[in-house]
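What follows is each chain in one-letter form.
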Amino acid sequence: MKQDFAARLTAYARLIIRAGCNLQPGQELLLSASTDCVEFARLLVAEAYQQGARHVTVRFGDEKIARLHYENCALEVFEHFPEWQALLNNSLAREGAAVLSIISEDPLALTGVDQRKLVANARASHEACKEFYDGIDQGRVVWCIAGAAAPAWAQHVFPTLSPEEATAKLWEAIFNTTRVNEPDPVAAWQEHRASFDARKAWLNAQHFDALHYTNSLGTDLTIGLNTKGLWQGGGDVTTAGTEFFPNMPTEEIFTTPDRLRAEGIVYSSMPLVHHGSLIQDFWLRFEGGRVTEYHARTGNDVLEAIFAVDEDAVRLGECALVPWTSPIRQSGILFYNTLYDENASCHLAVGQGFPDCLEGGQAMDAEELKAAGVNKSATHVDFMIGSADLNITGVKADGASIPVFRDGEWAFAPIDA
Ligand code: ZN
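So, here is what we can say about the structure in this document. Everything numeric in this text was worked out from a predicted model, so none of it was measured.

**Remarks on the sheet that holds strand β3 (residues 98-103)**
Then, number 1: Ordered in space as β2-β1-β3-β4-β10, the five strands form an open sheet in which the pairing is parallel. Whereas interior strands pair on both sides, the edge strands pair on one side only; in this sheet they are β2 (55-61) and β10 (247-248).
Then, number 2: Where strand β1 (residues 28-34) lies against β3, four bridges are found, and the strand directions are parallel. Paired with S32 across the strands is S101, a residue of β3.
Then, number 3: On the sheet, helix α1 (residues 5-20) packs against β1, β3, β4 (143-147) and β10 and is oriented at approximately 160° with respect to β4.
Then, number 4: With respect to the sheet, helix α2 (residues 38-50) is in contact with β1, β2 and β3, its orientation differing from that of β2 by roughly 165°.

Printed below as a string of structure tokens:
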């Protein structure tokens, strides 16, 4: 029998603080949440103090106020990131705070706002908060993103239900996908982490030079992989050895491909919500690792804005493998939120790559990483390309080819890690 809602909500907060952030006694926590989940934020703060947090800094955002900013402030306002906000992010990252973001926004809260303002904001924030983002990219900062149900989001997911029913159903989906309904959720996540190791071990042992993707949507894309590339997944660990889960849920095994090598065409297989706007039915053509042509039936301007963030926003930063039978896909729910939807499908991301997906990458500076094939950008946008008939073939440097995915599923037997 399922525990009552309040007990499971507390269990979820505990799971996020203990497994997601793996918060240590005496550590600081920076919590970002939206005004539509204040109650849940309070639970998280209580759990953090229960775990021995030194202090919790809470930053609330409000999507309706954010929209008012974008509608009323001039473009140049977004080109200058507020100094106090940069100081907050950078100093807490420097002092070793864990960074927790709770996502609950209406996926389409910012539809129709001037995309140039969003791009300017992303760019300015990335520049001003360099220490903060470097701390994350170089494995010094523990960070975690998890979801919380709120009516506006829930009604996009379950449009035929009342706001109350939709919110309850979305919480249920969150609890299911994050294993909160298991008897011991924290232990269930440790087991989940271990379950990735055998597949990662197989992939890392292959040393593929490239992956070739095909399906009936029209995808025919070859992505070059880095010589010293590593497959990651199932959780992360800081350079100091603290295990944490950057995303809850997570079902993906991923790497950072060679920023200079991608050839062919890829079709999206699910709608993508980016910065509060919908992008749907799109394809991208890659030449020499760059997107050279693209089109979206819905939200082409949003796609255009993603590629305009900076010079290397047109290059790949991630390729991730998720079987078609992933529990999130099987739930049949389209969340309109990448945190969930990327775990239902093989996906790629343009923009920033992951230094920890390269041997020794976390000790390299930006130039060394770039030279080794890891992309550098102020953006990172995942988009879903998996389908029931997706085939992926691994190609080795000597030309040998080995099935990785057949008909949307793993095509190899995992090996002992
Ligand atoms: Zn991913």
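**Considerations on the coordination of the zinc ion**
Put simply, the ideal angle at a metal is 109.5 degrees for four donors in tetrahedral geometry and 90 or 180 degrees for six donors in octahedral geometry.
Then, number 1: Protein-derived ligands of the zinc ion are E252 (OE), E318 (OE), E342 (OE) and H347 (NE2), with the metal-ligand distances lying across 1.9 to 2.6 Å.
Then, number 2: The site at the zinc ion holds four donor atoms, and with the angles between them running 78 to 150°, its shape is irregular.
Then, number 3: Each donor residue of the zinc ion lies on one chain, and together they are spaced E-x65-E-x23-E-x4-H. Taken together, the residues span a long stretch of sequence, with E252 in the loop between β10 and β11 (253-255) and H347 in strand β17 (residues 347-351) at a distance of 95 residues. Each of the two residues, E252 as well as H347, counts as buried.

**Considerations on the packing of aromatic side chains**
Then, number 1: Applying the stated criterion to the full structure yields 19 aromatic pairs.
Then, number 2: For the ring pair Y12 and W171, a centre distance of 6.2 Å and an interplane angle of 80° mean the geometry is edge-to-face. Here Y12, found in helix α1, pairs with W171, found in helix α9 (residues 163-177); they are 159 residues apart in sequence, far enough to count as distant. Each member of the pair, Y12 as well as W171, carries the same accessibility label: buried.
Then, number 3: Ring centres 5.5 Å apart and planes at 65° place the aromatic pair F40 and W171 in the edge-to-face group. Highlighted residues: F40 in helix α2 and W171 in helix α9, separated in sequence by 131 residues. Taken as a pair, F40 and W171 share a single burial class, namely buried.
Then, number 4: Put simply, the rings of F5, Y12, F40, W171 and F175 pair up and form one aromatic cluster.
Then, number 5: The ring of F245 has R193 lying over it, and the distance from NZ or CZ to the ring centre is 4.5 Å.

**Section: the nonpolar core**
Then, number 1: Within the largest apolar cluster, 52 residues are counted, with the highest numbers of intra-cluster contacts made by Y12, I16, F40, L100 and I102.
Then, number 2: Elements with a contribution of two residues or more to this core: α1, β1, α2, β3, β4, α8 (151-157), α9 and α14 (338-341).
Then, number 3: The leading source of residues in this core is α1, at eight residues.
Then, number 4: Two domains each put at least three residues into this core: domain 1 (5-188) and domain 2 (197-233 + 251-410).
Then, number 5: In this view, Y12 contacts F40, A146, G147, W171, I174, F175, T178, V180 and Y340; residues no more than four positions away in its chain are not counted.
Then, number 6: Among the nonpolar cores identified, the runner-up in size contains 40 residues, and Y213, A296, L321 and W410 belong to it.

**With respect to helix α6 (residues 115-128)**
Then, number 1: Across its 14 residues, α6 extends 20 Å between first and last C-alpha, which sits within 8% of the 20 Å expected from 1.5 Å per residue.
Then, number 2: Among the residues of α6, those classed as buried are Q115, K117, L118, V119, A120, A122, A124, S125 and H126.
Then, number 3: Where α6 is buried, its residues touch α3 (63-72), α4 (75-79), α7 (130-137), β14 (277-287) and α12 (300-307).

**Regarding the side chain of T393**
Then, number 1: The topology assignment puts T393 in strand β19 (residues 391-395).
Then, number 2: With relative accessibility at 14%, the residue T393 sits in the buried group.
Then, number 3: Among the polar contacts listed, one links the side chain of T393 to the side chain of R406, at a separation of 3.0 Å.
Then, number 4: In contact with T393, not counting residues within four places along its chain, are A210, L211, H212, S401, I402, V404 and R406.

**Some details on the pattern of salt bridges**
Then, number 1: Under the criterion given, the structure shown has 18 salt bridges.
Then, number 2: The salt bridge partner of E172 is R8, with a shortest N-O separation of 2.9 Å. Here E172 is found in helix α9, whereas its partner R8 is found in helix α1, with 164 residues between them in sequence.
Then, number 3: A residue is classified by how much of its surface remains accessible, and R8, at 6% relative accessible area, is buried.
Then, number 4: Across the pair R261 and D258 runs a salt bridge, and its minimum N-O distance is 2.9 Å.
Then, number 5: With relative accessibility at 16%, the residue D258 sits in the buried group.
Then, number 6: A cluster of three or more residues bridged by salt bridges with shared partners is formed by R259, D312, R315 and K370.

Rules used in this analysis
Per-chain numbering applies: the sequence of each chain, read as written, is numbered from 1 onward. Two thresholds apply to this predicted model, a pLDDT of at least 70 for residue-level local features and 80 or more for giving and counting side-chain atom pairs, whereas whole-chain, interface and lining totals are computed over all residues. With hydrogens and water stripped out, all remaining heavy atoms of the structure feed into the side-chain values. For two strands to be treated as a pair, DSSP must find no fewer than two bridges joining them. For the purposes of this entry, the term helix denotes a DSSP run of H or I that reaches at least four residues, the term strand denotes a run of E that reaches at least two, and both are numbered from the N terminus. We call two residues in contact whenever any of their non-hydrogen atoms come within 4.5 Å of each other. Axes here mean lines fitted to C-alpha atoms, for a helix over just the part in contact, with angles spanning 0 to 180 degrees between N-to-C directions. Note that water is not among the atoms used; donors are N, O and S atoms within 2.8 Å of the metal (3.2 Å for Na, K and Ca), so sites may look incomplete. Think of it this way: with four donors and all angles in the 85 to 135 degree range, the site is tetrahedral; with four or six donors, opposite ones beyond 155 degrees and the rest between 65 and 115, it is square planar or octahedral; otherwise it is irregular. Exposure is judged per residue with a 1.4 Å probe applied to protein chains only, and the accessible area is read against the type maximum: over 50% gives exposed, under 20% gives buried, and values in between give partly exposed. Pairing of aromatic rings covers Phe, Tyr and Trp, the last counted by its six-membered ring, and requires centre-to-centre distances within 6.5 Å; plane angles under 30 degrees mean stacked, over 60 mean edge-to-face, and any other angle means tilted. Distance and angle both matter: a charge sits over a ring if NZ of Lys or CZ of Arg is within 6 Å of the ring centre and within 35 degrees of the ring normal. We call a set of buried Ala, Val, Leu, Ile, Met, Phe, Trp, Tyr and Cys residues a nonpolar core when their side-chain atoms join them within 4.5 Å. Here the limits of each domain have been adopted from an automatic or database domain assignment. Each helix should span, by expectation, one fewer than its residue count multiplied by 1.5 Å. Pairs of N or O atoms within 3.5 Å make up the polar contacts considered here, provided that, within protein, one atom can donate a hydrogen while the other can accept it, and that residues adjacent in sequence are counted only when both atoms are side-chain atoms. The rule for a salt bridge is simple: a side-chain nitrogen of Lys or Arg has to be within 4 Å of a carboxyl oxygen of Asp or Glu.

Any functional reading would require information beyond the geometric quantities listed.
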